[in-house]
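# Survey of secondary and tertiary structure
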Amino acid sequence: MSSLITRRNLLTGLGFTVIAGGTAGLIFSPSFRDLVLSCGEKLSYRTHRLIGRNALAPEFTEADLSPDFRTNGNTMPASADYQGQAATGFANWQLRVDGLVATPKTFTMAAIKSMPARTQITRHDCVEGWSAIGKWTGLPLATLLNQVTLHPSARYLVLHCADDFDGQAYYESIDLVDALHPQTILAYAMNDQTLSVGHGAPLRLRVERQLGYKQAKYIMRIEAVASLDTIGAGKGGFWEDQIGYDWYAGI
Ligand SMILES: Nc1nc2c(c(=O)[nH]1)N[C@H]1C(S)=C(S)[C@@H](COP(=O)(O)O)O[C@H]1N2
Ligand SMILES: [Mo]
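Right, let's talk about the overall build of the protein for a bit. Of the regular secondary structure elements, the protein holds seven helices and 10 strands. Put simply, the protein has 251 residues, and 47% of those count as buried. Put simply, the protein shows about 11,500 Å² of open surface, and 57% of that area lies on carbon and sulfur atoms.

Structure below.
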């Protein structure tokens, strides 16, 4: 376990170097940035293969909870539909699960909350250089996937979100190892409160072995696919498409 923490810090530190350098104006060359980022991605993939992709992320205690867990990225989706749903406390929110599944299904929040929940206290690490420890409660993604039966050709899950930046929808994707990982949940509560809009209500992903931008908020649809090539610009996520962040953001 201690080696896991050491590696986590090492890799997180690498991320900080890139960003701190970028902010200070020291790293302008995209090729240098790409090189550093892709070294980090390979190192983190290799590290996770050594320690096991199914290893658990560290979990903490109530005493470790951050008094102030900031929000980041979008904090209120602009869409009128989303805002109407927020006004009714997401009473009619529906999560669509489709793509390469035997039985595409739509789940209400009541249905999602009626299934056995998992609670975990974990550390969120944003690539921009901040971390916070929070308590997350939600539905294990594996439980949901059991209900739709993945087609054997499915390799990734795409999380489609209700928000956008300048008309480009936010989305993220994970492979099936992470989708079935025991700590991967669709969270609807944070620190024992219903998830706030700022933190991604009514549903946000927690995929605890990866960085903050993978933790998709405002999830409205989960699509099982064989390839990411035709989703967005093909890099597997909004920031991956826009500025070349690693698709596999292992920590
Ligand atoms: N839909 C959506 N998900 C998102 C983002 C976003 O802008 N939109 N920002 C990401 C980033 S960069 C981080 S660090 C976390 C922030 O989560 P928080 O607002 O709960 O702190 O959400 C991630 N998921
Ligand atoms: Mo982030």
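Before going further, it helps to spend a moment on the site of ligand 1. In the neighbourhood of ligand 1, 22 residues make up the surrounding shell, with Arg70, Asn74, Asp163, His199 and Lys217 lying closest. Between ligand 1 and asparagine 74, the relevant distance is 2.8 Å, taken from an oxygen atom to a main-chain nitrogen or oxygen of the residue. In the model, a nitrogen atom of ligand 1 is placed 3.0 Å from a nitrogen or oxygen of the glutamine 215 main chain. In isolation ligand 1 exposes 530 Å². Once the protein is present, 99% of that is buried. Among the elements of the structure, strand E3 (118-126) and strand E5 (156-165) are those that each provide at least two residues to the shell around ligand 1.

The element E5 is extensively covered by neighbouring structure, given that eight of its 10 residues are classed as buried. As paired elements, E5 and strand E6 (residues 168-175) share seven bridges and run antiparallel to each other. Bridging from a neighbouring strand, leucine 159 pairs with glutamate 172 of E6. Counting the residues in the hairpin turn of E5 and E6 gives two residues, including aspartate 166, whose phi is positive at 50 degrees. Note that E5 and strand E10 (residues 219-225) share six bridges and pair antiparallel. Looking across to E10, one finds that histidine 160 is bridged to arginine 221.

Attention now goes to the sheet that holds E5. A sheet is described by the order of its strands in space; here five strands give the open sequence E2-E1-E10-E5-E6, paired in mixed fashion. In the strand order of this sheet, the two ends are held by strand E2 (105-108) and E6, each with one partner. Taking the axes of each pair of neighbouring strands and ignoring which way they run, one obtains an average angle of 20 degrees across the sheet. In this structure, strand E1 (residues 94-99) lies alongside E10, joined through four bridges in parallel fashion. Within E10, the residue paired with glycine 99 across the bridge is alanine 224.

Let us look at the packing of aromatic side chains. Under the definition given, this model contains 15 aromatic pairs. Taken together, Phe165, Tyr170, Tyr213, Phe238, Trp239 and Tyr245 form an aromatic cluster joined through their ring pairs.

Definitions and limits used
- Residues numbered from 1 in each chain as written.
- Chains lettered and ligands numbered in written order.
- Predicted model: local features only at pLDDT ≥ 70, side-chain atom pairs only at ≥ 80, totals over all residues.
- Heavy atoms only, no water.
- Helix = DSSP H or I, 4+ residues; strand = E, 2+ residues; numbered from the N terminus.
- Buried < 20%, exposed > 50% of the residue type's maximum accessible area, 1.4 Å probe, protein only.
- Areas by Shrake-Rupley, 256 points an atom, 1.4 Å probe, with all protein chains shown as cover.
- Near = heavy atom within 4 Å.
- Polar contact = N/O pair within 3.5 Å; in protein donor to acceptor, adjacent residues only side chain to side chain.
- Pairing = 2+ DSSP bridges.
- Axes fitted to C-alpha atoms, helices over the stretch in contact; angles between N-to-C directions.
- Phe/Tyr/Trp six-rings, centres within 6.5 Å; stacked < 30°, edge-to-face > 60°.

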